[in-house]
Amino acid sequence: MKSKFTDDSLTLHTDLYQINMAESYWADGLHNRKSVFEVYFRKMPFGNGYAIFAGLDRVLDYLKNFRFSESDITYLKEEVGYSDDFIDYLKGVRFTGSVYSVVEGEVVFSNEPLIRIEAPLAEAQLVETAILNIVNFQTLIATKASRIKQIIKDEIAMEFGTRRAQEMDAAIWGARAAIIGGFDSTSNVRAGKLFDIPVAGTHAHALVQTFKNDYDAFHSYARRHKDCVFLVDTYDTLKSGVPTAIRVAKELGDKINFIGIRLDSGDISFLSKEARRMLDEAGFPNAKIVVSNDLDEYTILNLKSQGAKVDSWGIGTKLITAYDQPALGAVYKMVSIENEHGEMEDTIKISANAEKVTTPGLKKVYRIINRDNGKAEGDYIALADERPEAEERIKMFHPIHTFISKFVTNFEARELHRKVIEDGNVIYESPSVLDMQKYATSTLDLLWDEYKRSLNPEEYPVDLSQKCWDNKMSNIQEVRDMVEEIRRR
Ligand SMILES: Nc1ncnc2c1ncn2[C@@H]1O[C@H](COP(=O)(O)OP(=O)(O)OP(=O)(O)O)[C@@H](O)[C@H]1O
Ligand SMILES: O=P(O)(O)OC[C@H]1O[C@H](OP(=O)(O)OP(=O)(O)O)[C@H](O)[C@@H]1O
Ligand SMILES: O=C(O)c1cccnc1
């Protein structure tokens, strides 16, 4: 790759308009005004009842290293053409704010703040694009993985998507997200190394094609690999592949660990049942059947309903590309800004579409857990100065269809955000990726099954406290008054 620049940084991984806005703030002396932004998404991906949050570790790394490199500065000055005094300001920019976030593996829902950024205005603006880029993709893939794993249940789920991913970064971070969402392994070796996650795999048709027959290919593989899964569909699954796998396993006995076979084409239901019968009859009842080929939660569910005999599922394209929903749609919205007197003021964005109206103010998110049954009643967004954990009884009501409401007593209000960056310093240490997966599994246990089914799940309540809702209404009224005033002039 040819480039005239010697170094690179992720700091320019932003939209031009962010730098242009930062320039305006700086020129007007507003760049250091305190501001608060929130990251959230508006619609549940894949029609799922929940999402699995992922991406925090990379966000922290990005913010920790946030500074324009020497060549970033040269580029901005010479190619984009910013003025020298603004360039001087950019040279010294670091991320000095504080960040609150849900942890990776957390079960999250639409319209609740996932990350809150409190930072000088220009800094908060410059980091928007990269944060959204990271969270949108990783949360999307972790959610798809979790959705697939809900169907696979206790069988093995292997991530095979690298070759079909939207380039290398997506393969790597997608593999990591798949593990957070519940997958058992990835085929991507670099992801294994970088994130300390399990790698696993079989072999491809090329091996068999090289030897021009199953027998020599399986023997070749077995000579160098103790654990063997033979791919049996290169020529004829039932007449050659499976019988040859059995023959080689018998010939080699204890010299190998005959794990099983992989099917990658044809009628998976029929072939897996026949293969199971043949393996059992040959004395290999513990041999596993791995299947792959354009699988997703729908085909897997259908194959299970047909009684397919599968122990392990290899899933590539449809997971790593989030095939049926290519974007999460998370947004980054300002909820509060310092005024000229040094006081924080709420801000709001109005829209004719009720879902697009932002919820102003500094807020916290709580998971309301019923102490009687240990299940979540819903999530509750309250203004920062409220203390729902100290209340006896709270009213939870739908923030748009307000007549849908309930009172909850005997609950635990578990705050979902942790402070992860304080004044520019990362103060949170991420757990291992496998621990994130364990956490996801344990938080999913808080949800009733109705929220977890893949088809038409119940809508999980994400409600505003009365105070937060009233505050939103008064902000809306203020904007209406302001617009009316302008109209009258
Ligand atoms: N019994 C089955 N019921 C439902 N879907 C199945 C069944 N068996 C296979 N499939 C799925 O049908 C889709 C079509 O498979 P396709 O016809 O492309 O495979 P193939 O032609 O056998 O193999 P190849 O990928 O080598 O072309 C795949 O997504 C596969 O997982
Ligand atoms: O089907 P996916 O879910 O994407 O899983 C990964 C696929 O990658 C491999 O096939 P390859 O790309 O070599 O070619 P193929 O599609 O002809 O099997 C493997 O045999 C799977 O079929
Ligand atoms: O290990 C495998 O079987 C594998 C890996 C990547 C893609 N398809 C299959």
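Scoring rules and cut-offs
Residues numbered from 1 in each chain as written. Chains lettered and ligands numbered in written order. Predicted model: local features only at pLDDT ≥ 70, side-chain atom pairs only at ≥ 80, totals over all residues. Helix = DSSP H or I, 4+ residues; strand = E, 2+ residues; numbered from the N terminus. Buried ≥ 20, exposed ≤ 12 C-beta atoms within 10 Å, placed from the backbone. UniProt positions renumbered as here; feature names shortened; annotations may be inferred. Contact = placed C-beta atoms within 7 Å. Pairing = 2+ DSSP bridges. Axes fitted to C-alpha atoms, helices over the stretch in contact; angles between N-to-C directions. Near = placed C-beta within 6 Å. Nonpolar A, V, L, I, M, F, W, Y, C, P; charged D, E, K, R; others polar. Parallel < 35°, antiparallel > 145°, perpendicular 65-115°, else oblique. Left-handed = near helix turned anticlockwise from the far one by under 90°. Right-handed = clockwise from strand over helix to strand, strands pointing away. Arc of directions from axis to C-beta. Core = buried A, V, L, I, M, F, W, Y, C linked by C-beta atoms within 7 Å.

A. Region of the structure containing the overall build of the chain. A tally of helices and strands in the chain yields 16 helices and 21 strands. Once the C-alpha set of the chain is aligned to its principal axes, its extents read approximately 90 × 60 × 40 Å. Buried positions account for 41% of the 489 residues belonging to the chain.

B. Up close: the UniProt feature "domain: Nicotinate phosphoribosyltransferase N-terminal" (unreviewed entry) in the chain. UniProt records the feature "domain: Nicotinate phosphoribosyltransferase N-terminal" (unreviewed entry) for residues 12-136 in the present numbering. Taken end to end, residues 12-136 is 44% helix and 18% strand, and its two terminal C-alpha atoms sit 18 Å from one another.

C. Representation of the environment of Tyr 221 in the model. Among the structural elements, Tyr 221 can be located in helix 10 (residues 214-224). The contact partners of Tyr 221, leaving out residues within four places of it in the chain, are His 203, Leu 207 and Cys 228.

D. Fine view of the UniProt feature "domain: Nicotinate phosphoribosyltransferase C-terminal" (unreviewed entry) in the chain. The residues that UniProt annotates with the feature "domain: Nicotinate phosphoribosyltransferase C-terminal" (unreviewed entry) are residues 363-471. A helix fraction of 17% and a strand fraction of 38% characterise residues 363-471, whose end C-alpha atoms lie 11 Å from each other.

E. Geometry of the sheet that holds strand 14 (residues 363-370). Ordered in space as 18-14-15-21, the four strands form an open sheet in which the pairing is mixed. Here the strands that pair on one side only, and so sit at the sheet edges, are strand 18 (411-415) and strand 21 (462-464). Adjacent strand axes in the sheet meet at a mean angle of 30° when their direction is disregarded. The strands that helix 16 (residues 466-488) touches are strand 14, strand 15 (376-383) and strand 21; relative to strand 15, the one it contacts most, it runs at about 50°.

F. Examining the site of ligand 1 more closely. Residues in contact with ligand 1, as listed here, are Ser 265, Gly 266, Asp 267, Ile 268, Ser 269, Asn 293, Asp 294, Leu 295, Thr 299, Asn 302, Leu 303 and Gln 306. Sorting the residues of the shell around ligand 1 by element identifies helix 12 (268-281) and helix 13 (297-305) as the ones contributing at least two each. At three residues, the largest contribution of residues to the shell around ligand 1 is made by helix 13. Of the residues assigned to the shell around ligand 1, the class counts are three nonpolar, seven polar and two charged.

G. Up close: the packing of helix 6 (residues 128-152) against helix 7 (residues 167-180). Where helix 6 meets helix 7, the axes come as close as 7 Å, and the angle between the chain directions of the two elements is 45°. Taken as axis vectors, helix 6 and helix 7 run oblique relative to one another. Considering the relative orientation of helix 6 and helix 7, their crossing is right-handed. Contact residues: helix 6 offers Phe 137, Gln 138, Ile 141, Ala 142 and Ala 145, while helix 7 offers Ala 170, Trp 173, Gly 174, Ala 177, Ala 178 and Ile 180. Of the residues contributing to the contact of helix 6 with helix 7, the split by class is nine nonpolar, two polar and no charged.

H. Structural view of the packing of helix 2 (residues 56-64) against helix 6. In contact at an axis separation of 9 Å, helix 2 and helix 6 are set at 160° when each is read in the N-to-C sense. As the angle between them shows, helix 2 and helix 6 are arranged roughly antiparallel. As for how helix 2 packs across helix 6, the hand of that crossing is right-handed. Between helix 2 and helix 6, the contacting residues are Arg 58, Val 59 and Tyr 62 on the first element and Ala 130, Ile 131, Ile 134 and Val 135 on the second.

I. Seen up close, the sheet that holds strand 19 (residues 418-422). Strand order in this open sheet of seven strands is 13-12-1-5-3-19-20, and the pairing throughout is antiparallel. Of all the strands in the sheet, the pair left with one neighbour each is strand 13 (344-346) and strand 20 (425-426). Inspection of the sheet shows strand 3 (residues 98-101) paired to strand 19 by three bridges, in the antiparallel sense. In the strand pairing of strand 19, Val 99 is matched with Ile 421. Lying on the sheet, helix 6 is in contact with strand 1 (34-41), strand 5 (115-120) and strand 12 (330-338); it crosses strand 12 at an angle near 140°.

J. Examining the pairing of strand 6 (residues 156-159) more closely. Summarising the sheet, strand 6 and strand 11 (residues 312-315) pair through four bridges and their orientation is parallel. Counterpart to Glu 159 in the pairing with strand 11 is Ile 315. Two strands pair when backbone bridges link them, and strand 6 and strand 7 (residues 185-186) are joined in this way by two bridges, in the parallel orientation. When the sheet's bridge partners are listed, Glu 159 is paired in strand 7 with Thr 186.

K. A look at the pairing of strand 11. Of the two faces of strand 11, the one carrying Ser 312 and Gly 314 and the one carrying Trp 313 and Ile 315 are both buried. With two bridges connecting them, strand 10 (residues 288-291) and strand 11 associate as parallel partners. Bridge pairing links Val 291 to Trp 313 in strand 11. Taken together, strand 10, helix 13 and strand 11 constitute a β-α-β crossover, and its handedness is right-handed.

L. Highlighting helix 13. Among the residues of helix 13, Glu 297, Ile 300 and Leu 303 are the ones counted as buried. Buried residues of helix 13, seen end-on, are gathered within an arc of 130° and therefore sit on one face of the element. Tucked inside the fold, the buried residues of helix 13 contact helix 6, helix 12 and strand 11. Positive phi shows up at Gly 307, right after helix 13, with a value of about 80°.

M. Molecular detail of the nonpolar core. Core analysis: the largest hydrophobic core is formed by 121 residues, its most contacted members being Ile 131, Ile 141, Ile 180, Ala 245, Ile 261 and Trp 313. Top contributing element to this core by residue count: helix 6, with 12 residues. Residues in contact with Ile 131, not counting those within four places in the same chain, are Val 39, Val 59, Ile 115 and Tyr 332.

N. Focus on the site of ligand 3. Near ligand 3 you find Phe 160, Ser 187, Gly 201, Thr 202, Arg 262, Ser 292, Gly 314 and Gly 316, and these make up its full shell. Considered class by class, the residues forming the shell around ligand 3 number one nonpolar, six polar and one charged.

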